[in-house]
Amino acid sequence: QVQLVESGGGLVQAGGSLRLSCVASGRTFSNYAMGWFRQAPGKERELVAVIGWIGGITRYGDSVKGRFTISRVNAKNTVYLQMNSLKPEDTAVYYCAADRSNPPPIESKGWNYWGQGTQVAVSS
């Protein structure tokens, strides 16, 4: 089992920045792909960014490319999501995910482990 705990969400004005963190425990962190997904009310969970555990390959959702950056520090069992130039449409619950797959899945159904989520709200 892998346990994931997200932090860093909050309320920010449009154009601002936030950094989300997700700390993993229970398994060897460096052997897992990590991802961030988000879900807004009434919408399906969607890809934000993923990072692989072999080669560090990254993939981003089209709506966040150039604004968000995913990174990982294996020594800290932590994956980060730096979010810049935030927009009101980025408002959602952001979930951290982990999986052994390589390359990392881009659909949420491909991930085995999930955190509880952290709320991000962007005001206009």
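Look above for the structure.
Every value quoted in this text rests on a predicted model; they were computed, and no experiment measured them.

Conventions adopted
Throughout, residues of each chain are indexed from 1 in the direction in which the sequence is written. Only residues with pLDDT of at least 70 are given local features in this predicted model, and only at 80 or more are side-chain atom pairs given and counted; all residues enter the totals for whole chains, interfaces and linings. Side-chain metrics rest on all non-hydrogen atoms present in the structure, leaving aside hydrogens and water. Note on aromatic pairs: the rings of Phe, Tyr and Trp (six-membered ring only in Trp) are paired at centre separations within 6.5 Å, and the planes decide the class, stacked below 30 degrees, edge-to-face beyond 60, tilted for the rest. Put simply, DSSP H or I for four residues or longer makes a helix, DSSP E for two residues or longer makes a strand, and each gets a number counted from the N terminus. When accessible area is computed with a 1.4 Å probe and restricted to protein chains, residues below 20% of their type maximum are described as buried, those above 50% as exposed, and intermediate ones as partly exposed.

Trainee: Outline the packing of aromatic side chains, listing residues and values.
Mentor: Counted under the stated rule, the structure contains 4 aromatic pairs. An angle of 70° between the planes, with centres 6.3 Å apart, marks the rings of Tyr-32 and Tyr-113 as edge-to-face. Taken as a pair, Tyr-32 in the loop between strand 3 (18-25) and strand 4 (33-39) and Tyr-113 in strand 10 (residues 113-114) lie far apart in primary sequence, 81 residues in all. Across the pair, exposure class does not vary: Tyr-32 and Tyr-113 are buried alike. An aromatic cluster is present here, built from Phe-37, Tyr-95, Trp-111 and Trp-114 joined pairwise through their rings.

Trainee: Give a detailed account of unusual backbone geometry, specifying residues and quantitative values.
Mentor: Of the consecutive residues Asn-102 and Pro-103, the connecting peptide bond is found in the cis state with omega at -5°. Even without a glycine there, the phi angle at Asn-77 is positive, about 55°. Note that Asn-77 resides in the loop between strand 7 (68-73) and strand 8 (78-83). Positive phi, close to 50°, is recorded for Ser-85, a residue that is not glycine. The topology assignment puts Ser-85 in the loop between strand 8 and strand 9 (92-99). Accessibility expressed as a relative area gives 41% for Ser-85, which makes it partly exposed.

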